[in-house]
Amino acid sequence: MTESNSYHIPDQDKTIIASGYHKNFRQDEYAFGEIISDIDYGRRIREGDRLLNVRYIVESILHENCDVILYKCRDFFTDSIVVIKAIGPWLRENEKEGIIKHFGDIRNLVHPNIATFLTLEKNDAAHEYFLIREYIEGEDLESLLRHSENERLPIPETVRLLRQVAEALDYAHDRGVLHRAVRCSNIIVTSNGDAKLIDFLFGENELGTQPDQSTYPPCFKEKDHDEMNRKWEYKSPEQWDRMLALSDLDIFECTDEEWTAADAKGKTTPATDEYSLAVVAYRCLAGHTPFGNAQGFREIGKKTLNDAIPRIKSLSRASNAVLAKALSKKPEDRYASCQEFMENLETALKPGGLSRWWQNARRMMSFFG
Ligand SMILES: Nc1ncnc2c1ncn2[C@@H]1O[C@H](COP(=O)(O)OP(=O)(O)O)[C@@H](O)[C@H]1O
Ligand SMILES: [Mg+2]
């Protein structure tokens, strides 16, 4: 008997057609963790439940925070392990249309360093979308760094992983697709030590506001707040232009015109992903992001827009210069591609390019034989 056969199909009354969803910033009507389903209302999804017309059996909750829940599931049809990510009911109509269009684009990305997108499902009852992607055995880079000494990675490992990510990003850019949310938690390091990019953002739809902590559900933990703040540290100056404009609006009260005008600010381009990739590189090499000491959403934004990138003391001038170029405030001052950035970083990080002091020392040594 194969493993999948050992799962029994639960009784009809246990079948769930929608995911648990939670209270969110734009609509208050859903309580955290309640199942929005005609069949089984008011209970959290748990192990053994089946999603989407009984096809997917929940093995565990992989990840949850105040705006998404991810389920690790077994696909009963293909006997494979997948990840189902529930995308919230808070989206505006045009954002929902954006999801469908954008899914069409990301679905076509086939690359060894990008997690394969399997399908997008919609649940009409709950106005939710379910993004289904292959499950990657491994650990995300954020958690890997947190478990590493001084939250850093050795230089060769950093270069190896991030060259793969750069290649994946350039591949997506060549096909007109931007990631827009490159950060350590969106890079999974597989058990073979390779990088896989997950979590392409649907449109520009990262909310330009910090959620009001008083509206957080009781089960919301401090770590979620930390996680929320961390994701802002990777955003480029052009993304902050838009996010700060949006955060000046009252999202419940503003008109659609006001929202649209703020939303149109700060155009993202491939250089946006390059900037975020450079923040990832900086974090791996320094143990923190350039503005990781900023307190809260606005301060991170203001520093990203105005402050010079602090030097990493343990690195040479050349390596700091490469990072600073990829982290330029103006997109046009960055490298022409993510791979060009990583090639330059690799060269600068090589012992030969480590520092002028080293070069002089080597010359002296060869002079004195
Ligand atoms: N396909 C996958 N395989 C393995 N782990 C995954 C996968 N997708 C997501 N995860 C884990 O879940 C976390 C959150 O997933 P993600 O899609 O990035 O959600 P969020 O929108 O909260 O950033 C990731 O950081 C990773 O640890
Ligand atoms: Mg993510």
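Residues numbered from 1 in each chain as written. Chains lettered and ligands numbered in written order. Predicted model: local features only at pLDDT ≥ 70, side-chain atom pairs only at ≥ 80, totals over all residues.

A. Up close: the sheet that holds strand β11 (residues 195-197). Pairing is antiparallel in the open sheet, where three strands are placed in the order β9-β10-β11. Edge positions in the open sheet fall to β9 (138-140) and β11, since each of these has one partner strand only. Taking each pair of neighbouring strands and ignoring which way they run, the sheet shows an average axis angle of 30°. Lying on the sheet, helix α3 (residues 155-174) is in contact with β10 (187-190) and β11; it crosses β11 at an angle near 35°. (Pairing = 2+ DSSP bridges. Helix = DSSP H or I, 4+ residues; strand = E, 2+ residues; numbered from the N terminus. Axes fitted to C-alpha atoms, helices over the stretch in contact; angles between N-to-C directions. Contact = placed C-beta atoms within 7 Å.)

B. Representation of the site of ligand 1 in the model. Taken together, 18 residues are adjacent to ligand 1, and H63, I136, D140, S185 and D199 come closest. Counting residues per element, the ones that place at least two in the shell around ligand 1 are β4 (56-64), β6 (80-87) and β8 (128-134). (Near = placed C-beta within 6 Å.)

C. Inspection of unusual backbone geometry at higher detail. Here E151, not a glycine, exhibits a phi torsion of approximately 55°, which is positive. Positive phi, close to 75°, is recorded for R180, a residue that is not glycine. Among the secondary structure elements, R180 is positioned in the loop between α3 and β10. Judged by local crowding, R180 falls into the buried class, with 20 C-beta atoms found within 10 Å. (Buried ≥ 20, exposed ≤ 12 C-beta atoms within 10 Å, placed from the backbone.)

D. Summary view of the packing of helix α7 (residues 270-286) against helix α10 (residues 338-349). Relative orientation of the contacting elements α7 and α10 amounts to 30°, with a least axis distance of 9 Å. Judged by the inter-axis angle, α7 sits roughly parallel to α10. As α7 runs across α10, the sense of the crossing is right-handed. Here D273, E274, L277, A278 and A281 of α7 lie close against α10, whose contacting residues are C338, F341 and L345. Grouping the amino acids of the contact of α7 with α10 by side-chain chemistry returns six nonpolar, no polar and two charged. (Parallel < 35°, antiparallel > 145°, perpendicular 65-115°, else oblique. Left-handed = near helix turned anticlockwise from the far one by under 90°. Nonpolar A, V, L, I, M, F, W, Y, C, P; charged D, E, K, R; others polar.)

E. Main features of the confidence of the model for the protein chain. On average, residues of the protein chain carry a pLDDT of 78, and 71% of them reach 70 or more. Counting contacts from residues 1-43, a segment whose pLDDT is below 50, to residues more than four positions away or on other chains yields 94 contacts. This model gives residues 205-223 a pLDDT under 50, and the stretch forms 29 contacts once residues within four places in sequence are excluded. (pLDDT = per-residue confidence, 0-100.)

F. The nonpolar core, seen in detail. In this structure, V165, L277, A278, V280 and A281 are the most contacted members of the largest nonpolar core, which totals 47 residues. The set of elements that each furnish at least two residues to this core consists of α2 (141-146), α3, β10, β11, α7, α9 (317-326) and α10. With near-sequence residues (within four places) excluded, A278 lies in contact with L323, A326, L327 and F341. With 18 residues, the next largest nonpolar core counts I69, V82, L131 and I132 among its residues. (Core = buried A, V, L, I, M, F, W, Y, C linked by C-beta atoms within 7 Å.)

G. Focus on the environment of L109. Position of L109 among the secondary structure elements: in the loop between α1 (93-107) and β7 (117-123). Look at L109 and you get partly exposed, because 18 C-beta atoms sit within 10 Å. Setting aside residues up to four positions removed in sequence, L109 forms contacts with I114, A172, R175 and V177.

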